[in-house]
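Survey of secondary and tertiary structure
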Amino acid sequence: MRTVTIGVSSVEEASVRVLAAFRGEKRGAFISFPSVEGLWTVLTPRRWALIRALAGQEPMSLRAVARLLDRDVKNIHADVHALLNAGILDRTDDERIVFPYDAVHVDFTIGKAA
């Protein structure tokens with residue numbers, strides 16, 4: 001099962017993961033946001049539903065995704081592009097949309113405000 005971890009981390013933490021990967025250490029797939037607010041701005045409930053629908057699926061056209069979720073193509077288009085821009089979805093050479101993972105693990109800690 002291919003799992004991606006979506007979380008919140010500082011630039012320094014992300015740099016540590018990148019450097020470890022360059023050294024050949026297996027770290028797994030990780031998509032990082034600089035803040036919890038940034039994560040929730042991109043990952044709205046409808047976008048989570050889109051990710052769930054695409055997890056483990058073959059690449060699909062925008063229209064096929066809209067039919068799958070019973071949503072308007074225009075709204076799916078906006079959500080897909082937000083997730084593409086965030087690096088969560090990918091686009092194939094034939095312009096189909098794919099979420100290249102079977103599962104998502106969400107990981108962040110909220111601490112005392114500074």
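Reference entry: report on the structure contained in this document. Counting from 1, residues in each chain are numbered in the order their sequence is written. Local features in a predicted model are, by the rule used here, given only for residues with pLDDT of at least 70; side-chain atom pairs are given and counted only at 80 or more, and totals for whole chains, interfaces and linings are based on all residues. Side-chain figures throughout are based on the complete set of non-hydrogen atoms in the structure, without hydrogens or water.

**So, the overall build of the chain**
Only DSSP runs of H or I covering at least 4 residues are called helices, and only runs of E covering at least 2 are called strands; the numbering of each starts at the N terminus. Each helix and strand in the chain was counted, giving 5 helices and 5 strands. In sequence order, the secondary structure elements of the chain are arranged as β-α-β-α-α-α-α-β-β-β. In terms of its C-alpha atoms, the chain occupies a principal-axis envelope of roughly 40 × 35 × 20 Å. Evaluated residue by residue, the chain yields a buried proportion of 32% over its 114 residues. We call two residues contacting when some pair of their heavy atoms lies within 4.5 Å. Relative to all contacts within the chain whose residues are 6 or more apart in sequence, the contacts with residues 24 or more apart total 66%. Only the protein chains shown count as covering a residue, and every accessible area follows the Shrake-Rupley method with a 1.4 Å probe. Entry remark: accessible area of the chain is about 7,400 Å², with carbon and sulfur atoms responsible for 53%. Relative accessibility decides the category of a residue: with a 1.4 Å probe and only protein chains considered, values under 20% of the type maximum give buried, values over 50% give exposed, and everything between is partly exposed.

**Considering the pattern of salt bridges**
Every case where a carboxyl oxygen of Asp or Glu lies within 4 Å of a side-chain nitrogen of Lys or Arg is listed as a salt bridge. Within this structure, the stated rule accounts for 4 salt bridges. The closest approach of N and O atoms between Arg47 and Asp79, which form a salt bridge, is 2.9 Å. Residue Arg47 is found in helix H3 (residues 45-54), and its partner Asp79 is found in helix H5 (residues 73-85); the two are separated by 32 residues along the sequence. On the accessibility criterion, Arg47 (15% relative accessible area) is buried. Each of the salt bridges in this network shares a partner with another, and the network as a whole consists of Arg47, Arg71 and Asp79.

**A few points about the pairing of strand S1 (residues 3-8)**
When DSSP finds two or more bridges between a pair of strands, those strands are recorded as paired. Here 5 bridges tie S1 to strand S5 (residues 103-107), and the two strands are oriented parallel to one another. Counterpart to Thr3 in the pairing with S5 is Ala103. Bridge analysis of S1 against strand S2 (residues 29-33) gives 5 bridges, and the strand direction is parallel. Its bridge partner lying in S2, Thr5 is registered against Phe30.

**Focus on the sheet that holds S2**
Pairing in this open sheet of 3 strands is parallel, and the strands run S2-S1-S5 from one edge to the other. Looking at strand neighbours, the two that pair on one side only are S2 and S5, the edges of this open sheet. Within this sheet the neighbouring strands show an average axis-to-axis angle of 25°, counted without direction. Under this scheme, a helix contributes an axis fitted over its contacting stretch, all axes are lines through C-alpha atoms, and angles between N-to-C directions fall in the 0 to 180 degree range.

All quantities given are derived from atomic positions and should not be read as evidence of function.
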